[in-house]
Structure formats: structure tokens, C-alpha cells
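# Chains, contacts and geometry: an overview
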Amino acid sequence: MEMSKRAIAIICAFLVALFYAFNFTAAKEVTPEHIGPYGLTLYRVLITGIIFWGLSFVFAPRTKMTLKELAHIALAAFCGVGFNMLTFMKGLSLTSPISAAVLMVTTPILVLVLSAIFLKEKLFGIRILGILIGFSGATFLILQSTGIGADASNPTLGNFLIFVNALSYAFYIILAKKLTQKYHVLILLRWLYFFGVLFILPFGYNEIVAFDLSSASWETLMFIGYVIVFATLGTYGLNIIAIKNLKPSVVAVFVYLQPLLATIIAVSLDKDTITWQKIAAGIMIFSGVFLSSLKQKQKIRTT
């Protein structure tokens, strides 16, 4: 029995959550100690972009695009590849894996707010309450960031950048939804990464030049390889499939799994600790996400 497109999309979305969850620990292992966050980001985008361009020439149909269409893709690339990755890697280098994963759960709330603004989705009382509670949890974690982990050199700034990253990713989900209905997945990915490289190159060039690849340990190279192959190539490829076949709000739901999986991975590998700030913020954010995902009860008309 063949699997439906929806079932395949759900599996893809789950794998994206799993790959991202381990990425919080893997990326933290190499930046900023071994390579700068912008340099690692440039490695991610450059190598992945080359792979997507090669695959597109083999498996994707020829597609002509207007300057207006390319501008739309460039905007999506800025939100989902360039600015998104730069703020994530820099923020993660300053905060702890679990805190970063908890803040990423605000993505569904941000998608809801942006959908209300740009897609005219209706907001009602319980959803507005959920949005306020979720944002309160994120604000609490950003401001109460002392003592959240030995590897967190500037957790307040790091958590703020992770929240900005979540906002950027929420914009990307909404922009990419329209693009996936029009273009082949590989065509879209190759242009997203083309513009992504252009955005990131000015920030990451010096850090790549400063990184001595020949003297790096095998462990460091393995973590960098994971970030490139699984957390970049795998997640963006699978996520496009998920976005194409699922609603933006459904795709965003799988972000909920990231804190749980990231916490299990980080704690089991002794890379992070659980604190009361993380637990309190997590409860507030998850409560906000739950309330904001509720649907308004339809009024029953009686005649």
C-alpha cells in the first residue's frame, strides 16, 4: 500500500524536527570554540547550495523566472536562509542548547500572528491570550538568563537572537508556502541557497579564512559534517516537501518536538543542564502555543 503525500510530508516534518534537535548540540560543539558562527553558517549554505544546484540540473525541469519572481525568492532566502541562519548560529554560540530549543517553540505563535497580518486569518480571544502567554514565556527566558549553562557566554543576547531567528523562520514558512505551489522543489532550493550565499558571504568570509581545516580534529569535522548534511541539506530538503503538502500551521507544530528531543540529547550527552528558568519558560510557551492553536467554537443556530 502506497503512502499518501500527507503521510510522507508528516514523516519529513518529524525528521526535520529530529535533525534540528541534535543540531543544537552538534553546532554548539564547534562554535565559537573551533570556528566562528558566521563561518560555520557559510560552510552550511555554500556546500548545500552546490549540492542542490547539481541535483536540480539532473532531476528538475528547466524553468524560466522573471525578475519579480526571483525577487520573491530572494526575500524568502533572506528570511529562511540568510538572516535566519546567521541569527541562529550567533545566538546558539552565546546561549545553551536547551534554551535555544525552548525559544524556537515560539515559531507557531509567530506564524499565527503573521498569518493574521498578511493572510487575514482571524484572531479571537483564546488565541490572543495564548499569544500573550507565549510571548511572556519567551521574554521571561530572555531576561532571566543567568546561570543557564556553563557554555552560555552571553545568554541574554543569545536568547534574543534565537527569538529573532524564530521570527525570521516564521516569515519564511509563509513566503515558502506560495513558492512551493509554483516551482519544483529543487529549483526553489537552488535559488534559495544562491541568494543565501550572497547574504551570508560578507559575514562569514573572514571566519572561514581563519579556520584551519587541516588541524581540526575528526570529532570537530564530524560535527561540522552533521550540521551541513543533516541539519542543512536534510532539513531544508525535507521541509520543502512538508511545506508543499501541509498547511503552514501544521508544519510549525513539529517545532514543538524540538525542545523535548534537544533536551534529551543535550542532557544525555552532558552538554547542558535543566534549570527552573527553562522549565518555567517552557511551560509558559507551550501553554501559549496550545491556547493559540485552539479553534473557535462554531455557534449553533436554532430555528
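Residues numbered from 1 in each chain as written. Predicted model: local features only at pLDDT ≥ 70, side-chain atom pairs only at ≥ 80, totals over all residues. Heavy atoms only, no water.

Per an unreviewed UniProt entry, the recorded name for the protein chain is Permease, and the organism is Nonlabens tegetincola. As its UniProt record puts it under Subcellular location (unreviewed entry), the protein chain is described as follows: "Cell membrane". (UniProt positions renumbered as here; feature names shortened; annotations may be inferred.)

Bringing empty space enclosed by the protein into the picture now. Within this structure, the stated rule accounts for one cavity of 30 Å³ or more. Counted as a void, the largest cavity has a volume near 230 Å³. If you trace the largest cavity, you find 19 residues lining it, with Tyr20, Asn84, Met104, Tyr169 and Gln258 closest to the centre. Contributions of two or more residues to the lining of the largest cavity are made by helix 1 (5-30), helix 3 (67-94), helix 7 (155-180) and helix 9 (218-245). For the lining of the largest cavity, the element with the highest residue contribution is helix 1, accounting for six residues. Split into classes, the residues belonging to the lining of the largest cavity amount to 13 nonpolar, five polar and one charged. (1 Å grid on protein atoms, 1.4 Å probe; cavity = no way out; pocket = protein on both sides within 12 Å on 5 of 7 lines; lining within 4 Å. Points joined across faces, edges and corners; volume = space filled by probe spheres on them. Helix = DSSP H or I, 4+ residues; strand = E, 2+ residues; numbered from the N terminus. Nonpolar A, V, L, I, M, F, W, Y, C, P; charged D, E, K, R; others polar.)

Pairs may arise between side chains of opposite charge once their charged atoms sit close together. Enumeration according to the criterion identifies three salt bridges in this entry. The partner of Glu29 in a salt bridge is Lys271, with the nearest N and O atoms 3.3 Å apart. Here Lys271 lies in the loop between helix 11 (257-268) and helix 12 (276-292) and Glu29 lies in helix 1, a separation of 242 residues in the sequence. For Asp272, the salt bridge identified is with Lys278, shortest N-O distance 2.9 Å. Overall, Asp272 belongs to the buried group, its relative accessible area being 7%. (Salt bridge = Lys/Arg side-chain N within 4 Å of Asp/Glu carboxyl O. Buried < 20%, exposed > 50% of the residue type's maximum accessible area, 1.4 Å probe, protein only.)

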